[in-house]
Amino acid sequence: MLAWTIYVSFLGALAARLAPSRQLARILALLTALASLALSLTALAHWQPGQLLSITDISWIPQLGIRYHLAADGISLTLLLLTGIAATAGILFSWNINERTQEFFAFYLVLIGGVYGVFLSFDLFLLFVFYEIAIIPKYFLIAIWGSVPRGAAPGQEGSQREYAAMKLALYSFAGSALVLAGMVAAWVLSGSATGAHTLSLDALTHANFPVHFQMWAFPLVFLGFGVLAGLWPFHTWAPTGHAAAPTAASMLLAGVVMKLGAYGCLRIAMMLFPAGLSPWGFHVLGFGSWRDVIAVLAIIGIVYGASVALVQRDFKFVIGYSSVSHMGFVLLGLMTLTQIGLDGAVLQMFSHGIIAGLLFAVVGRMVYDRAHTRQLSELSPMRLAHGIPFAAVTFILAAMASIGMPGFSGFVAEFQIIVGAWRTLPWMAAIAGVGILVGIAFTWRALTTVFFGDRAAHAAPDHESREHAHPLPPITIPEKLGSLLLLAATLIVGLYPTILTRLILPSLNSPLFSGLRNGAWR
């Protein structure tokens, strides 16, 4: 049944492209996203803790031992649920798309189908194919429908969008090349390790690759996926891509596409090559293992992303760099190598996907599409809390979730990561705490500046007259529904995290992760 999340998305993309009207394309896209979300919720309702559900397993390329194998465990189901929620909300916030509407929703749904495919693939080659399918639509969504800051030189708007789209695509394909190299190496060695060449995740998990092979294959594959996860210093595509993307694409980039990278780090690099996290037996510049190196890069990403967000003048760049900071927590949670830290990392993938999607929806659709500027200095005198109060309330709640306020999903996720880091990497946990404080500062700055700015200090009289003469358009029903969906998701998980932890923890304790538990697990 879960396989239909992929097929329905691709069929919906075809239907939207062939729709005779814009409105029908919107409705078909929304129905497609809702159908996939319903399938994920149905699977969640019938899930048994610790279950690995094999959905489809047939021979695909028998000469190479490649199979069309779809399966799901609790980690997969958690991210399938995230994808369904983010996809549905993104369509609701794209109801205003009038330029090449059918093509927009076709690319959008192809991207969603690729994401579903990655989370369900249990053959490494199949996962790689879906991973590439998810990359291609991102370029077109940004290059064609992207936004640029006001004040761009005439005729340069398209080139700026294409620059951001190309940068994202090149970074993604560069990371994919590293993953492909690791995949080919694993296929070659699988012949001697398992008796037959294969790329089945089940078989590769128990292949017991030589330690020296895992020592170089692990960083190669982890880095390849880490590029898409926003790992510092390979994160620079993220703020540029987020800022240039249309609202729905920004929501998907931060909400689910970056999670593809984090998921690959856990599912492929850490699950297949756990010995790569073991100590080297010597130290270089104070580093004694790849775990130390990645943990430090994650910490730098947390503090750097938050610090840069603190001084940004573009509202969308503030949220873009905050995503880099919050994804640093995911990577830090993975490197704690503790059950609570890994559980927090997966939970943070879900939580950040929901919260970042909501923040980008407010910035891109509610604020920018009405105020026609993203500059904090220009938004401040508008005092948008008076003009669009629903947007102000939504951003306040999203900001509370983003900084880890108790009662929201962000608190549960980051608390587990900090506890896990404190047990094994205490000094890094302390620095991560500093990153949280800086996050509170940039969130408060953005909130007060945009929605409660000082009109007298910044606005000219003619600006005030224009503001009163031309009131901002009200928030639409689709925007309200999308906001309520995302807010409900972060609140439900924040108040009752067991709904997801009962899926994640048994999966981490399953035989698939036995190599990690028996080796580097703390």
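Above: the structure in question.
I will try to describe carefully the structure that is included in this document. (Residues numbered from 1 in each chain as written. Predicted model: local features only at pLDDT ≥ 70, side-chain atom pairs only at ≥ 80, totals over all residues. Heavy atoms only, no water.)

**Here we look at the overall build of the chain**
Phase 1: Within the chain, the secondary structure is distributed over 23 helices and two strands.
Phase 2: Its C-alpha radius of gyration of 22 Å places the chain within 12% of the 24 Å reference for a compact globule of 522 residues.
Phase 3: Seen along its three principal axes, the alpha-carbon backbone of the chain occupies a region of about 75 × 55 × 45 Å.
Phase 4: Looking at the chain as a whole, 61% of its 522 residues qualify as buried.
Phase 5: If you take every contact in the chain between residues at least 6 apart in sequence, the share linking residues at least 24 apart comes to 80%.
Phase 6: Total accessible area computed for the chain in this model is approximately 18,400 Å², and 68% of it derives from carbon and sulfur atoms. (Helix = DSSP H or I, 4+ residues; strand = E, 2+ residues; numbered from the N terminus. Rg over C-alpha atoms; globule rule 2.2 N^0.38 Å. Buried < 20%, exposed > 50% of the residue type's maximum accessible area, 1.4 Å probe, protein only. Contact = heavy atoms within 4.5 Å. Areas by Shrake-Rupley, 256 points an atom, 1.4 Å probe, with all protein chains shown as cover.)

**Considering the nonpolar core**
Phase 1: Membership of the largest hydrophobic core comes to 186 residues, with the highest contact counts inside it found for Met270, Phe315, Leu332, Phe395 and Phe451.
Phase 2: Among the elements that line this core, the one with the most residues is helix α10 (residues 247-272), at 19 residues.
Phase 3: Among all residues touching Phe395, those that are not within four sequence positions of it are Phe315, Ile319, Leu359, Val362, Val363, Leu447 and Phe451. (Core = buried A, V, L, I, M, F, W, Y, C linked by side-chain atoms within 4.5 Å.)

**Looking at the environment of Ala441**
Phase 1: Take Ala441: it is sitting in helix α18 (residues 426-451).
Phase 2: The exposure class assigned to Ala441 is partly exposed, which follows from its relative accessible area of 33%.
Phase 3: A C-alpha to C-alpha distance of 7.0 Å links Ala441 and Leu310, two positions 131 residues apart in sequence.

**Overview of the pairing of strand β2 (residues 66-72)**
Phase 1: Most of β2 is tucked away, with six of its seven residues classed as buried.
Phase 2: Across seven bridges, the pairing between strand β1 (residues 53-61) and β2 is antiparallel. Each bridged residue has a counterpart across the sheet, and for Ile58 the counterpart in β2 is Tyr68.
Phase 3: Between the antiparallel neighbours β1 and β2 lie four residues, among them Gly65 with a positive phi of about 70°. (Pairing = 2+ DSSP bridges.)

**Some words on α18**
Phase 1: With 26 residues, α18 should reach 38 Å at 1.5 Å per residue; the first-to-last C-alpha distance of 38 Å fits that figure.
Phase 2: Within the sequence span of α18, burial applies to Met428, Ala429, Ala432, Gly435, Val438, Gly439, Phe442, Thr443, Ala446, Leu447, Val450 and Phe451. (Expected span 1.5 Å × (residues − 1).)

**Looking at the environment of Phe105**
Phase 1: Examined against the element boundaries, Phe105 turns out to sit in helix α4 (residues 101-120).
Phase 2: Judged by relative accessible area, which is 0%, Phe105 ranks as buried.
Phase 3: Taking C-alpha positions, Phe105 is 40 Å from Val293, a pair spaced 188 residues apart along the chain.
Phase 4: Filtering out sequence-adjacent residues up to four positions away, Phe105 remains in contact with Ala16, Ala25, Arg26, Ala29, Ile91 and Ser94.

**Details of the environment of Ser9**
Phase 1: Looking at the secondary structure, you find Ser9 in helix α1 (residues 4-18).
Phase 2: Under the relative-accessibility criterion, Ser9 is labelled buried at 1%.
Phase 3: Put simply, Ser9 and Leu505 are 496 residues apart on the chain and 29 Å apart in space, counted from C-alpha to C-alpha.

**Side note on the side chain of Gln348**
Phase 1: Topologically, Gln348 is positioned in helix α13 (residues 339-371).
Phase 2: Judged by relative accessible area, Gln348 falls into the buried class, the value being 2%.
Phase 3: Engagement of the side chain of Gln348 in a polar contact is seen with the backbone oxygen of His326, the distance being 3.4 Å.
Phase 4: Among all residues touching Gln348, those that are not within four sequence positions of it are His326, Phe329, Val330, Gly353, Ala413, Glu414 and Ile417. (Polar contact = N/O pair within 3.5 Å; in protein donor to acceptor, adjacent residues only side chain to side chain.)

**Quick look at the pattern of salt bridges**
Phase 1: All told, the structure shown has seven salt bridges when counted by the stated rule.
Phase 2: For Arg365, the salt bridge identified is with Glu479, shortest N-O distance 2.7 Å. Of the two residues, Arg365 is situated in helix α13 and Glu479 in helix α21 (residues 477-495); the sequence distance between them amounts to 114 residues.
Phase 3: Take Arg365: its relative accessible area is 11%, and that puts it in the buried class.
Phase 4: Note that Arg370 and Glu479 form a salt bridge whose closest N and O atoms lie 2.9 Å from each other. Residue Arg370 is found in helix α13, and its partner Glu479 is found in helix α21; the two are separated by 109 residues along the sequence. Here Arg370 and Glu479 have matching classes, each one buried.
Phase 5: Salt bridges sharing common partners tie together Arg365, Asp369, Arg370 and Glu479. (Salt bridge = Lys/Arg side-chain N within 4 Å of Asp/Glu carboxyl O.)

**Describing the packing of helix α3 (residues 74-92) against α10**
Phase 1: Contact geometry for α3 and α10: axes closest at 9 Å, N-to-C directions at 170°. Overall, the two elements α3 and α10 adopt an arrangement that is roughly antiparallel. Packed against α3, whose contacting residues are Ile75, Ser76, Leu79, Leu82, Thr83, Ala86, Ala87, Ala89 and Gly90, the element α10 presents Ala248, Met251, Leu252, Gly255, Val256, Lys259, Tyr263, Leu266 and Arg267 at the interface.
Phase 2: Of the residues belonging to the contact of α3 with α10, the class tally is 12 nonpolar, four polar and two charged. (Axes fitted to C-alpha atoms, helices over the stretch in contact; angles between N-to-C directions. Parallel < 35°, antiparallel > 145°, perpendicular 65-115°, else oblique. Nonpolar A, V, L, I, M, F, W, Y, C, P; charged D, E, K, R; others polar.)

**A few points about unusual backbone geometry**
Phase 1: Of note, the amide linkage connecting Trp232 to Pro233 takes the cis form, showing an omega dihedral of 5°.
Phase 2: Here Pro233 is to be found in the loop between α8 (211-228) and α9 (237-244).
Phase 3: A positive phi angle, close to 50°, is found at Arg100, a residue other than glycine.
Phase 4: With respect to the helices and strands, Arg100 occurs in the loop between α3 and α4.

Remember, this is a structural readout, not a statement about activity or role.
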